Structures are given as C-alpha cells and as structure tokens.
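Understanding the architecture of this molecule
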Amino acid sequence: MARQAAHGISGGGRARESYFDNVKYLTIVLVACGHAWEPLTYGSRAVTAVYLTVYAFHMPAFALVSGYFSRSFDMAPGRLKRLVTGVVVPYVVFEVAYTLFYRWRQDDPGYPISLLDPWYLMWFLVALFVWRLSTPLWLQLRHPVPVSLALATGVSMMPDAGGDLALQRVVQFLPFFVVGLVLRPEHFARLRTWRVRWAAVPVALVALGTAYKVAPWFDAGWFYHRGAVEGRGVPAWAGLFATPALFVLALVLTACFLAWVPGRRLWFTALGTGTIYAYLLHGFVIKSARFGGWYGHPWLHTPLGELAVTATAVTGITLLCTNPVRRVFRYVVEPRMEWAFRQSRTQAGPERAAEREKVTSGGG
C-alpha cells in the first residue's frame, strides 16, 4: 500500500497533479467556510468548535502548499516576472479595489488607500512576495525550519515589530512556508498510507473535542497571528512556548488533512488551478454579507441555517474557481504584461520551451 501511494504521488504526472489540485481546492474551501462561519461563532458552541479546529491549520496548510510549489524559485528573470505579474500586480489592484469597496459599502469616502496596510485577506499576497523572494536563502540553510520557527517566535514577542505590510503575520506564518519548501513527493506519499489515515481520525476527533471544550473562553486570535502574543493578554515570554506549540498543532492537523485528500481525479480536481481567483474574489462576497447585515436573520443561527451558510460558502467558492470566472478576471489576476518587460534572445528560447511544456502538460 505504501508503494502504491508513493507511486501515485511521485510517479505519474497526472496522479501527482490530481492530488495537489485536490489539496488546493479543498484548502480554499476551508478558507471560505472559515470566513463564512465567523459571524455564527458568537451564538453557537458547535460552530465555534469547528471554526477553531479549521483555523488551527487551514492557513498553515495554505502556506505549506505555497511553499511546496515555490521550491524552484531561483530569481531567474522569468520567475521574477511571474512574481510581479502574479503577486505584486494583483495585490495592488485588489488592495485598491477592496478599499474602494469598503468606502462604498460603509459610506466612508475618506477611508485611506494604503499599500502598506493590507486590508482583510490581502496580507497573504504580501506574504507570498516576501516568502518567495527569500526562498533561495532558505534552501541554502542546513536547518531552515528551526531557523524560521526561531524567527517567528522572536517576532511573536515583539509588539513593535513589523507594523507595515502585515509583517508580524507574514513572519509568524513563515515556518509553514519553509516546511513546504523542504517537503518532497515521498513525504506526501507516506502521509497517504492507510495506517496514517486511520491514525489521523482519532487525532482530528480529539482536536475537535478539545475545541468544543475550550470554545466558550478560547481566543481565536491566537490562530490569526496578527500581532505579538501580548495582544492576547499574556506576557511576552509566553511566545517562547505558544508559537512553537501552535506550530506543532498546525502541522499535526495539516498532516491529518493531507492524509485524507483523495489522489484520484474527481469532479473538483480541475478547480484546484483556480484557487487564487477564488481567494481574491470571495472577500467581496463575505464582506458584503457582513456589511449588509445578512447574518442578522435569526434562522441563520439555527442548525439548518448554519448548514445553509456552509453550503453557500462551498458553492460560492467553487463557482469562483471555474473557467468563466478565470477568463473574466485573468487580466488582473494573471496579467501577461509583455509590454512591461523586455526579453533577451538568450531568454526567448527557454521561455518558449517552458510555455510549450506548460501547454502540453496541462499546467496552469
């Protein structure tokens, strides 16, 4: 069974792509559900427990997968260009768009546009930019994960560190990205053996049960990593223990999640290539629901209403991953911008070869 799982991940390209596309799709579903559940946590202990369990690992899993797909980043001109067109440009466009959206929905025309203060979910694009630029350094270190964790722990104890560009959050999620950098296909194959899968079940149940027990008093802000630990009402030295503990918890739950992600091609597999579109666009829907007072309806706070919110979140994020949405928004999410970059003759051949390979392999 282990050999079969290893073959499925490190063997055929189609099986490998299907697994990781499934991972990306299911991760963005968890992100959307987490955002949709937040207003429901104020009146439901059960929803709070599920919310805490998901928030303990879903953004770490997102960062880990991003790191895994950033292993080849080496400052080559083509990759730097894609970093600008695929991360920097969308950040600028959507940061401005979200600010204008906030002004309109909140009737606050004076709300400032600031590229140094990411609004809502835009911090993750800042993180991707910083993380990818630092990738060559992490790949040169002998022990990159302990070093990145030590850096995150130190920053968690410094209230004045990194106020601009959400650097507190960027650095505290950095270890998960670095873990992704050092992972190889065989690591995922080991996770997907049935022995690990069945072991993951009681671990997940214990995590959910613990979340239910602590739901009335636990501060979900511990999982957001928006600032130093002092903001959670504890002394700075608590970061020495809290940050590594949260790191281990997130890795364990991420491993449980990755173990159960199916490896075969399913109806949603192709949607995994459109997760960046869903991530950038779903915030408008989530914030519209909050600003519009949609959660004020009492029925939504019943068990059936909570299930309806969940189903709506899953359906909405799925639609935002589809090809029609990608075609409409490609010019701002993945702009080509050939006019902005010059290409030398020595680069032209490899670039064309890479494009041919991408087309023939079905890559996005």
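In this text the structure is predicted, and so the values were computed from the model without any measurement. (Residues numbered from 1 in each chain as written. Predicted model: local features only at pLDDT ≥ 70, side-chain atom pairs only at ≥ 80, totals over all residues. Heavy atoms only, no water.)

1. Examining the side chain of Thr275
Positionally, Thr275 belongs in helix H13 (residues 275–291). The exposure class of Thr275 is buried, given its relative accessible area of 10%. Contact partners of Thr275, with chain neighbours within four places excluded, come to Lys24, Tyr25, Ile28 and Cys321. (Helix = DSSP H or I, 4+ residues; strand = E, 2+ residues; numbered from the N terminus. Buried < 20%, exposed > 50% of the residue type's maximum accessible area, 1.4 Å probe, protein only. Contact = heavy atoms within 4.5 Å.)

2. Observations concerning empty space enclosed by the protein
In this approach, a probe sized like a water molecule rolls over the atoms, and the result shows the empty space that is left. Applying the stated criterion across every chain, the model contains 3 cavities of 30 Å³ or more. Its volume calculated, the largest cavity comes out at about 80 Å³. Together, Gln172, Gly221, Trp222, His225, Arg226, Gly227, Ala228, Val229, Arg232, Ala242, Thr243 and Leu246 line the largest cavity. Counting residues per element, the ones that place at least two in the lining of the largest cavity are helix H11 (221–224) and helix H12 (239–260). Among the elements that make up the lining of the largest cavity, the one with the highest residue count is H12 (3 residues). (1 Å grid on protein atoms, 1.4 Å probe; cavity = no way out; pocket = protein on both sides within 12 Å on 5 of 7 lines; lining within 4 Å. Points joined across faces, edges and corners; volume = space filled by probe spheres on them.)

3. As for a nonpolar patch on the surface
On the surface, a nonpolar cluster with roughly 400 Å² of combined accessible area is contributed by Met75, Leu80, Phe129, Val130, Leu133 and Leu167. The element contributing the most residues to the nonpolar patch is helix H6 (residues 123–140), with 3 residues. Phe129 sits in the partly exposed class, given a relative accessible area of 31%. (Patch = residues over 30% accessible without salt bridge, like charges linked within 9 Å, V, L, I, M, F, W, Y side chains within 5 Å. Areas by Shrake-Rupley, 256 points an atom, 1.4 Å probe, with all protein chains shown as cover. Salt bridge = Lys/Arg side-chain N within 4 Å of Asp/Glu carboxyl O.)

4. Remarks on the packing of helix H4 (residues 58–68) against H6
For the pair H4 and H6, interaxial distance at closest approach is 11 Å and the crossing angle is 35°. Here the hand of the crossing between H4 and H6 comes out right-handed. For the pair H4 and H6, the contacting residues are Met59, Phe62, Ala63 and Ser66 in the first and Trp123, Phe124, Leu128 and Trp131 in the second. For the contact of H4 with H6, the residue count by class is 7 nonpolar, 1 polar and no charged. (Axes fitted to C-alpha atoms, helices over the stretch in contact; angles between N-to-C directions. Left-handed = near helix turned anticlockwise from the far one by under 90°. Nonpolar A, V, L, I, M, F, W, Y, C, P; charged D, E, K, R; others polar.)

5. Some words on the environment of Leu208
As for its position among the elements, Leu208 is in helix H10 (residues 194–214). Taking the C-alpha atoms as reference, Leu208 lies 9.5 Å from Tyr51; in sequence the two are 157 residues apart. If sequence neighbours within four positions are ignored, Leu208 has contacts with Ala49, Val50 and Thr53.

6. A closer look at helix H5 (residues 77–105)
Taking 1.5 Å of rise per residue, 29 residues should cover 42 Å, and H5 covers 40 Å from first to last C-alpha, within 8% of that figure. Of all bends in H5, the biggest is about 30°, found at Val84. Where H5 terminates, the next one or two residues include Asp107, which has phi positive at roughly 50°. (Expected span 1.5 Å × (residues − 1). Bend = angle between axes of the 7 residues up to and from the residue.)

7. A short note on unusual backbone geometry
Both trends apply: most residues other than glycine have a negative phi, and most peptide bonds are in trans. Even without being a glycine, Tyr120 presents a positive backbone phi close to 60°. Relative to the helices and strands, Tyr120 is located in the loop between H5 and H6. A residue is classified by how much of its surface remains accessible, and Tyr120, at 23% relative accessible area, is partly exposed.

8. Topic: the nonpolar core
Counting 96 residues, the largest nonpolar core has Phe94, Trp131 and Tyr279 as the members making the most contacts within it. With 12 residues, helix H2 (residues 13–37) is the largest single contributor of residues to this core. With sequence-adjacent residues up to four places away left out, Tyr279 is seen in contact with Ile28, Val31, Phe62, Leu121, Trp123 and Phe124. (Core = buried A, V, L, I, M, F, W, Y, C linked by side-chain atoms within 4.5 Å.)

9. Brief notes about the layout of surface pockets
Estimates place the volume of the second largest pocket at around 430 Å³. Contributing to the lining of the second largest pocket are 22 residues, with Tyr120, Leu121, Trp123, Arg169 and Arg226 lying nearest its centre. Put simply, the parts of the chain that give the lining of the second largest pocket at least two residues each are helix H3 (45–55), H4, helix H8 (167–182), H11 and H13. The greatest single-element share of the lining of the second largest pocket, amounting to 4 residues, is contributed by H13. Here the residues of the lining of the second largest pocket sort into 13 nonpolar, 3 polar and 6 charged.

10. Some points on the pattern of salt bridges
Overall, the coordinates contain 6 salt bridges when judged by the stated rule. Between Arg232 and Asp219 there is a salt bridge, and its shortest N-O distance comes to 2.8 Å. Pair noted here: Arg232 is in the loop between H11 and H12 and Asp219 is in the loop between H10 and H11, with a separation of 13 residues, a long-range link. The class for Arg232 is partly exposed, based on a relative accessible area of 28%. Asp219 sits in the partly exposed class, given a relative accessible area of 33%. Where salt bridges share partners, they join Lys81, Arg336 and Glu338 into one cluster.

11. Focus on the packing of aromatic side chains
What the rule picks out here adds up to 38 aromatic pairs. Relative to Phe69, the ring of Phe20 lies with its centre 5.5 Å away and its plane at 85°, an arrangement referred to as edge-to-face. With Phe20 in helix H2 and Phe69 in the loop between H4 and H5, this residue pair connects regions lying 49 residues apart in the sequence. On the basis of relative accessibility, which here comes to 4%, the residue Phe20 falls in the buried class. (Phe/Tyr/Trp six-rings, centres within 6.5 Å; stacked < 30°, edge-to-face > 60°.)

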